[in-house]
Amino acid sequence: MKIALYSRISTSDQNNQNQLDQLRAFAQTQGWRIVHEYVDVASGGNADRQEFRALFAAASRREFDLILFWSLDRFSREGVLTTLRYLEILTQYNVGYRSYSEQFLDSCGAFRDAIISILAVIAKQERVRLSERTLAGLARARAAGRVGGRPRVQCNPHKVLRLRAAGHSLGTIASKLKLTKTTVYRILAAAQPQT
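These remarks concern the structure in this document. (Residues numbered from 1 in each chain as written. Predicted model: local features only at pLDDT ≥ 70, side-chain atom pairs only at ≥ 80, totals over all residues. Heavy atoms only, no water.)

### Digging into the packing of aromatic side chains
Okay, step 1: Within the structure shown, the criterion is met by 13 aromatic pairs.
Okay, step 2: Geometrically, the ring pair formed by tyrosine 6 and phenylalanine 52 is edge-to-face, given 5.7 Å between the ring centres and 65 degrees between the ring planes. Of this pair, tyrosine 6 sits in strand β1 (residues 2-9) while phenylalanine 52 sits in helix α2 (residues 50-60); the two residues are 46 residues apart in sequence, bridging distant segments of the chain.
Okay, step 3: When its relative accessible area of 0% is taken as the criterion, tyrosine 6 is described as buried.
Okay, step 4: With a centroid separation of 5.2 Å and an interplanar angle of 65 degrees, the aromatic rings of phenylalanine 52 and phenylalanine 75 are classed as edge-to-face. Taken together, the positions of phenylalanine 52 in helix α2 and phenylalanine 75 in helix α3 (residues 72-75) put the pair 23 residues apart, joining distant regions of the chain. The exposure classification of phenylalanine 52 matches that of phenylalanine 75, with both residues buried. (Phe/Tyr/Trp six-rings, centres within 6.5 Å; stacked < 30°, edge-to-face > 60°. Helix = DSSP H or I, 4+ residues; strand = E, 2+ residues; numbered from the N terminus. Buried < 20%, exposed > 50% of the residue type's maximum accessible area, 1.4 Å probe, protein only.)

### As for helix α6 (residues 157-165)
Structurally, the α-helix is built with 3.6 residues per turn, so residues lying three or four positions apart point the same way.
Okay, step 1: For α6, the capping residue at the N-terminal end is asparagine 156, with a side-chain oxygen 2.8 Å from the backbone nitrogen of histidine 158.
Okay, step 2: Phi turns positive, to about 95 degrees, at glycine 167, one or two residues after α6. (Polar contact = N/O pair within 3.5 Å; in protein donor to acceptor, adjacent residues only side chain to side chain.)

### Focus on the packing of helix α7 (residues 170-177) against helix α8 (residues 181-191)
Okay, step 1: Relative to each other, α7 and α8 sit at 110 degrees, their axes nearing to 8 Å. With respect to α8, the element α7 is oriented roughly perpendicular. Along the contact surface, α7 presents Leu170, Gly171, Ile173 and Ala174, while α8 presents Lys181, Val184, Tyr185 and Leu188.
Okay, step 2: When grouped by side-chain class, the residues that make up the contact of α7 with α8 number six nonpolar, one polar and one charged. (Axes fitted to C-alpha atoms, helices over the stretch in contact; angles between N-to-C directions. Parallel < 35°, antiparallel > 145°, perpendicular 65-115°, else oblique. Contact = heavy atoms within 4.5 Å. Nonpolar A, V, L, I, M, F, W, Y, C, P; charged D, E, K, R; others polar.)

### A short note on the environment of leucine 161
Okay, step 1: Along the chain, leucine 161 turns up in helix α6.
Okay, step 2: Residue leucine 161 is classed as partly exposed on the basis of its relative accessible area, which comes to 32%.
Okay, step 3: For the pair formed by leucine 161 and alanine 191, sequence separation is 30 residues and the distance between their alpha carbons is 8.2 Å.
Okay, step 4: Residues contacting leucine 161, with those up to four places away along its chain left out, are Leu188 and Ala191.

Here is the structure:
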């Protein structure tokens, strides 16, 4: 089987030789042929890593059958949801993945579907927590008097109503008053008598 190795360290004063040595030795015990080694010196907190991007480009061309990394946090630290998406992309490319230090994380192993299911549940919970934190932050901002969203366009509704009464279209009114059609429509709708 043709494989690629992925190794990442956060800063240049760290040494990733231990990772690479262990990955190479493990690949040899499995009888795998290493066709490429991708090594990044960057934070795992985002995908803007040169070798990481190159790895996915090569995977899309099926240049190897499996990617072997030392641990999942060496592969990505972008959170469960994003990391799961990376693993799914590899699966779509028909490229397997395996963690050296987390033997349960093996797309070719017996627990593959169970691990993916667990990661999917964790990812879903992560989305829920993110949503809850966002809502809590918005509530705190509102309580402090901050109004979110884009500021509303200020205009004189009487001008809108006069132009409409003169027979102008929504587009013409919007153009003359430098408003959007949606704003003009909202002003006109608010001026309609309630039934």
